[in-house]
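Understanding the architecture of this molecule
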Amino acid sequence: MNSPSPSGPPDGPLHAQASDDAAQPPRPARSRRSVLFLAGAVLAGLLVGVLIGVTADSDADKAGPSATATTTVTSAQTVVAPPGADVASAPASSTPKPFAFGVSWTLNNIDPAKPFEGSLTVLSYKQGFASVGSASQEAGEPGYVWAYAELKLCGTKGSYTDNTSSWTLYYRDGSRINPSGTTYGDFPKPEFPFEVTVTAGKCARGKLAFTVPGTKRPESVLYKPEGLDEPREWTVPKA
């Protein structure tokens, strides 16, 4: 008895049975390369965002201080006018011109620790007054006589202390004579004090004695306290 032969495939192509899944259009498979590309794009986007944020923060840090900082100008050298200096009347670029007797020079000390405003002048000069003391003996040379310059110092603001060492007589040949270190009871009065402090509304006026060569006359009376770059000068009139 012959066993039945297995049935072979039917003639013609095979057809799959219809089903719900078969009815849907087939979805293309996502390749591994596409997935990697998408992940890389996302990572790159995140990295760019982080960099933008860091850059923005850095720029904000840089801009912050300049937006709120205050500028303070501090010079390397603090310039302070010495007692008696008047910036307006004595510019640094020019030499002060001599004053005539009776013309006042304005003192203006701008030091904030001790501001002062006032005036100073030479009123007169006299050479050859008599005294019980010997001018030649005082000078240590023969031919000397007594002389004086009459001075006036006044204050309008603050206080200012000065002394007679600020004054000299200047001669055409360049020689200078300091005030006398001796005083006698018959010296012309009032005498200018050796050291004096003037305040607002107060003055000091008097005659400052010198021993001078009897045959020569000074060209000017100079005032130069310590710290003043250039002396102030009052011209002595010819006899």
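Preceding this section is the structure that the text describes.
Quantities reported herein were computed from a predicted structural model and do not represent experimental measurements. (Residues numbered from 1 in each chain as written. Predicted model: local features only at pLDDT ≥ 70, side-chain atom pairs only at ≥ 80, totals over all residues. Heavy atoms only, no water.)

**Considerations on the overall build of the chain**
The secondary structure content of the chain amounts to 3 helices and 9 strands. Looking at the chain as a whole, 26% of its 239 residues are labelled buried. Counting contacts in the chain only where the partners sit at least 6 residues apart, residues at least 24 apart contribute 67% of the total. Element-wise, carbon and sulfur atoms account for 56% of the exposed surface of the chain, whose accessible area totals about 16,400 Å². (Helix = DSSP H or I, 4+ residues; strand = E, 2+ residues; numbered from the N terminus. Buried < 20%, exposed > 50% of the residue type's maximum accessible area, 1.4 Å probe, protein only. Contact = heavy atoms within 4.5 Å. Areas by Shrake-Rupley, 256 points an atom, 1.4 Å probe, with all protein chains shown as cover.)

**Quick notes on the layout of surface pockets**
Roughly 210 Å³ of volume is contained in the second largest pocket. Here the element with the most residues in the lining of the second largest pocket is strand β7 (residues 203-213); it accounts for 3 residues. Split into classes, the residues belonging to the lining of the second largest pocket amount to 8 nonpolar, 5 polar and 2 charged. (1 Å grid on protein atoms, 1.4 Å probe; cavity = no way out; pocket = protein on both sides within 12 Å on 5 of 7 lines; lining within 4 Å. Points joined across faces, edges and corners; volume = space filled by probe spheres on them. Nonpolar A, V, L, I, M, F, W, Y, C, P; charged D, E, K, R; others polar.)

**A closer look at the packing of aromatic side chains**
One pass over the full model with this rule turns up 11 aromatic pairs. When the ring of Phe-129 is compared with that of Tyr-148, the centres are 5.8 Å apart and the planes differ by 50 degrees; the resulting orientation is tilted. With a gap of 19 residues between them, Phe-129 in strand β2 (residues 116-129) and Tyr-148 in strand β3 (residues 144-163) connect regions that are remote in the sequence. For the residue pair Phe-129 and Tyr-148, the accessibility class agrees, reading buried in each case. (Phe/Tyr/Trp six-rings, centres within 6.5 Å; stacked < 30°, edge-to-face > 60°.)

**Comments concerning the sheet that holds strand β4 (residues 167-170)**
Reading across from one edge, β5-β4-β8-β9 is the order of the 4 strands in this open sheet, with antiparallel pairing throughout. Of all the strands in the sheet, the pair left with one neighbour each is β5 (176-177) and β9 (232-235). Bridge analysis of β4 against β5 gives 2 bridges, and the strand direction is antiparallel. Within β5, the residue paired with Tyr-170 across the bridge is Arg-176. (Pairing = 2+ DSSP bridges.)

**Concerning the state of the cysteines**
This model, assessed by the stated rule, comprises 1 disulfide. Across the disulfide, Cys-154 is cross-linked to Cys-203 (sulfur-sulfur distance 2.0 Å). Between Cys-154 and Cys-203 the disulfide shows an S-S torsion of about 110 degrees. By sign, it is right-handed. Of this pair, Cys-154 sits in strand β3 while Cys-203 sits in strand β7; the two residues are 49 residues apart in sequence, bridging distant segments of the chain. Residue classification places Cys-203 among the partly exposed residues on the basis of a relative accessible area of 46%. (Disulfide = S-S within 2.5 Å.)

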